[in-house]
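Structural features, examined
This is what each chain is made of:
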Amino acid sequence: ESNLNRQAVATAANIGAPKGEEMKKRLLRIMPDADITAINLKYDDETAEEFPLTQYDYIIDAIDMVDCKMRLLYEATQTDAVVLSSMGAGRKLDPQQIRVAEFWKVEGCPLARALRTRMKKSGMLPQKKFRCVYSPQLSGDRGTLAPVVGVFGMTLASLVIRDILQ
């Protein structure tokens, strides 16, 4: 229910359904021949082995929970995959402030700051550089606008497509 305002696949009709499965259905309606595997698990210490990260060419992180995000980025940066990460889109209202930067150069994002602090304390530092989509906009006390979250996602998709074309 909390995704209704920010994810195109979230509708009143599918509340309670796994997001991964709903996204797979949506993508298959767009491209029926696509080979999509939905893994309906939260990425964390207990489930990390279920994700075959070394088999991927691109790994896009869009996790909100700092510990899970840190684990994924630590593991992903040990692979040959191109790693991209979405920083905090919550409570952002201005899509024109969205930027892309290397993780250690992200400025004005509380999620990136918290993640860097926790990584340094734990010793789980990324093994290679990766780029992030973020917004330095000060968070308002209102909700997140769906177009802002969409622009984060479209920016990540654009980074993948441009990398493939190069």
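Scroll up to find the structure this text is about.
Now for a description of the structure that goes with this document. (Residues numbered from 1 in each chain as written. Predicted model: local features only at pLDDT ≥ 70, side-chain atom pairs only at ≥ 80, totals over all residues. Heavy atoms only, no water.)

**A look at unusual backbone geometry**
Of note in the backbone geometry, Arg-91 takes a positive phi value of approximately 60 degrees without being a glycine. By the secondary structure assignment, Arg-91 is in the loop between β2 (82-86) and β3 (99-102). Owing to a relative accessible area of 45%, Arg-91 belongs among the partly exposed residues under this scheme. (Helix = DSSP H or I, 4+ residues; strand = E, 2+ residues; numbered from the N terminus. Buried < 20%, exposed > 50% of the residue type's maximum accessible area, 1.4 Å probe, protein only.)

**Section: the layout of surface pockets**
Size it by volume and the second largest pocket reaches roughly 150 Å³. The wall of the second largest pocket is formed by Tyr-43, Ala-48, Glu-49, Phe-51, Pro-52, Leu-53, Thr-54, Arg-71, Glu-75 and Thr-79. Class assignment of the residues belonging to the lining of the second largest pocket gives a composition of 5 nonpolar, 2 polar and 3 charged. (1 Å grid on protein atoms, 1.4 Å probe; cavity = no way out; pocket = protein on both sides within 12 Å on 5 of 7 lines; lining within 4 Å. Points joined across faces, edges and corners; volume = space filled by probe spheres on them. Nonpolar A, V, L, I, M, F, W, Y, C, P; charged D, E, K, R; others polar.)

**Examining the pattern of salt bridges**
Once the charged atoms of two side chains with opposite charge are near each other, the side chains can pair. Evaluation of the coordinates by the stated rule reveals 6 salt bridges. For Glu-22, the salt bridge identified is with Lys-25, shortest N-O distance 3.2 Å. Taken together, the residues span about one helical turn, with Glu-22 and Lys-25 both in helix α1 (residues 19-30) at a distance of 3 residues. Residue classification places Lys-25 among the partly exposed residues on the basis of a relative accessible area of 43%. Across the pair Asp-44 and Lys-42 runs a salt bridge whose closest N-O atoms are separated by 3.9 Å. Among the residues examined, Asp-44 registers a relative accessible area of 17% and is labelled buried. Residue class for Lys-42 comes out partly exposed when judged on its relative accessible area of 46%. Beyond isolated ion pairs, a larger network of salt bridges with shared partners links Asp-45, Arg-71 and Glu-75. (Salt bridge = Lys/Arg side-chain N within 4 Å of Asp/Glu carboxyl O.)

**What to know about the pairing of β2**
Buried residues dominate β2, accounting for 4 of its 5 residues. Where strand β1 (residues 58-61) and β2 come together, 4 bridges link them in parallel fashion. Bridged to Ile-59 within β2 is Val-83. Sheet topology note: the β2/strand β4 (residues 131-134) ladder contains 3 bridges and is parallel. Bridged to Ser-86 within β4 is Val-133. (Pairing = 2+ DSSP bridges.)

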